[in-house]
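Structure at a glance
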Amino acid sequence: MKKAIIGKKLGMTQLFEENGNVVPVTVILAGPCPVVQKKTVETDGYDAVQLGFEDIEERKLNKPELGHFKKAVVSGKRHLKEFRLEGAADLEVGQVVTADTFAAGDAVDVTGFTKGHGYSGVIKRWGCHRLRMSHGTGPVHRQPGSMGANSSPSRIFKNKKMAGQYGHEKVTILNLNVVKVDAENNLIAVRGAVPGPKGGIVSLRDSVKGA
């Protein structure tokens with residue numbers, strides 16, 4: 001990848017194109033992200049940079065974290081993420097990556113964690129049909145019902161759609177278009193939806209598929 005940045009999902013809105021078409025966009029607070037650490041082939045076996053995002057009070061950091069930021073002469077950051085950028089060698093520790101790294105028309109991949117729903121039943125998690133509400137079915141209307149065969153194989157196969165943890169999964173949406181960049185306010189408007197709730201942390205990179 002050639003460029004990347006960490007941001008926070010602020011929510012969705014809509015913008016109007018010059019021809020009057022309405023474009024649904026997700027607004028992302030992107031950066032500023034200082035370079036906290038730089039990795040090189042000589043010392044680590046590969047080139048990469050570690051970016052930080054969102055200030056945090058020093059009292060909330062432990063001693064190793066505090067030393068990590070003081071070594072880089074960077075204020076404490078709540079989020080850190082490493083990117084293997086092609087131009088990592090050109091970036092220096094302390095240098096700041098801002099929203100104007102991207103421009104309108106760029107194609108980007110956005111990575112984030114989907115909304116978490118906790119432990120959920122089969123109806124909410126998989127969209128299964130509920131059982132009938134009459135003829136003695138209750139009180140198990142929302143339970144999954146039959147699990148399959150009886151004496152053979154006498155077990156439930158793996159990957160059966162059952163109740164369990166739903167959401168909070170790392171998801172990447174590929175090839176979204178940057179509609180607008182507000183460098184002054186560190187905002188990037190991306191066409192369409194991106195994973196996660198409002199306030200969720202996301203990362204943007206140039207698209208692996210290209211424009």
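Heads up: these notes are all about the structure in this document.

Reading the values: the criteria
- Here the residue numbering is sequential within each chain, running from 1 through the sequence in written order.
- Restriction of local features to residues with pLDDT of at least 70 applies here, the model being predicted, together with a cutoff of 80 or more for giving and counting side-chain atom pairs; totals for whole chains, interfaces and linings are based on all residues.
- To get the side-chain values, all heavy atoms of the structure are used, and hydrogens and water are removed first.
- Put simply, a salt bridge is a Lys or Arg side-chain nitrogen that is within 4 Å of an Asp or Glu carboxyl oxygen.
- Note on conventions: DSSP H or I runs of at least 4 residues are helices, E runs of at least 2 residues are strands, and numbering of each starts at the N terminus.
- Two aromatic rings from Phe, Tyr or Trp, using only the six-membered ring of Trp, form a pair when their centres are within 6.5 Å; if the ring planes differ by under 30 degrees the pair is stacked, by over 60 it is edge-to-face, and anything between is tilted.
- Both a distance and an angle decide whether a charge sits over a ring: NZ of Lys or CZ of Arg must be within 6 Å of the ring centre and within 35 degrees of the ring normal.
- Definition of nonpolar core: a set of buried residues of the types Ala, Val, Leu, Ile, Met, Phe, Trp, Tyr and Cys, connected through side-chain atoms within 4.5 Å.
- Only protein chains enter the calculation, and the probe is 1.4 Å; a residue is then buried if its accessible area is under 20% of its type maximum, exposed if over 50%, and partly exposed in between.
- Whether two residues are in contact is decided by their heavy atoms, any of which lying within 4.5 Å being enough.
- In the analysis that follows, any N or O atom pair within 3.5 Å is treated as a polar contact, provided that within protein one partner can donate a hydrogen and the other can accept it, and provided that, for residues neighboring in sequence, both atoms belong to side chains.
- Only protein atoms enter the 1 Å grid used here, on which a cavity is any set of points holding a 1.4 Å probe that cannot leave and a pocket is any open set flanked by protein within 12 Å on both sides along at least five of seven lines; residues with an atom within 4 Å of a point are listed as lining.
- Grid points are joined across faces, edges and corners, and a volume is the space filled by probe spheres set on the points.
- In this count, Pro and Cys sit with the nonpolar residues alongside Ala, Val, Leu, Ile, Met, Phe, Trp and Tyr, while Asp, Glu, Lys and Arg are called charged and the others, Gly among them, polar.

1. Considerations on the pattern of salt bridges
- A complete count under the given rule lists nine salt bridges for this structure.
- In this structure, R78 and E54 form a salt bridge, with 3.8 Å as the shortest nitrogen-oxygen distance. On the criterion of sequence distance, the pair formed by R78 in strand β5 (residues 77-83) and E54 in strand β4 (residues 48-55) is long-range, its members being 24 residues apart.

2. Points about the packing of aromatic side chains
- Taken as a whole and assessed by the stated rule, the structure comprises zero aromatic pairs.
- Sitting above the plane of the Y46 ring, R84 keeps its charged end 4.0 Å from the centroid.

3. Side note on the nonpolar core
- Among the nonpolar cores identified, the biggest contains 26 residues, and L51, V108, I188 and L204 are the most heavily contacted of them.
- Every element with two or more residues in this core is listed here: β1 (4-16), β2 (22-30), β3 (33-39), β4, β7 (107-113), β10 (170-182), β11 (187-191) and β12 (201-206).
- Residues contacting V108, with those up to four places away along its chain left out, are F102, I173, L174, N175, L176, V178, V190, L204, R205, D206 and S207.
- In this structure, V36, I56, L61 and A72 belong to the second largest nonpolar core, which totals six residues.

4. A short note on helix α2 (residues 63-72)
- N-cap assignment for α2: the residue whose side-chain oxygen lies 2.9 Å from the backbone N of E65 is N62.
- Immediately beyond the C-terminal end of α2, within one or two residues, lies V73, with a positive phi of roughly 55 degrees.

5. Remarks on the layout of surface pockets
- As a volume, the largest pocket reaches approximately 190 Å³.
- Contributing to the lining of the largest pocket are I6, H79, L80, K81, T111, G112, F113, K170, I201, V202 and S203.
- If you add up the space inside the second largest pocket, you get close to 150 Å³.
- Surrounding the second largest pocket, V36, Q37, K38, D44, H68, K71, A72 and V93 form its lining.
- When residues of the lining of the second largest pocket are traced back to their parent elements, those giving at least two are β3 and α2.
- Per-class residue counts for the lining of the second largest pocket are three nonpolar, two polar and three charged.

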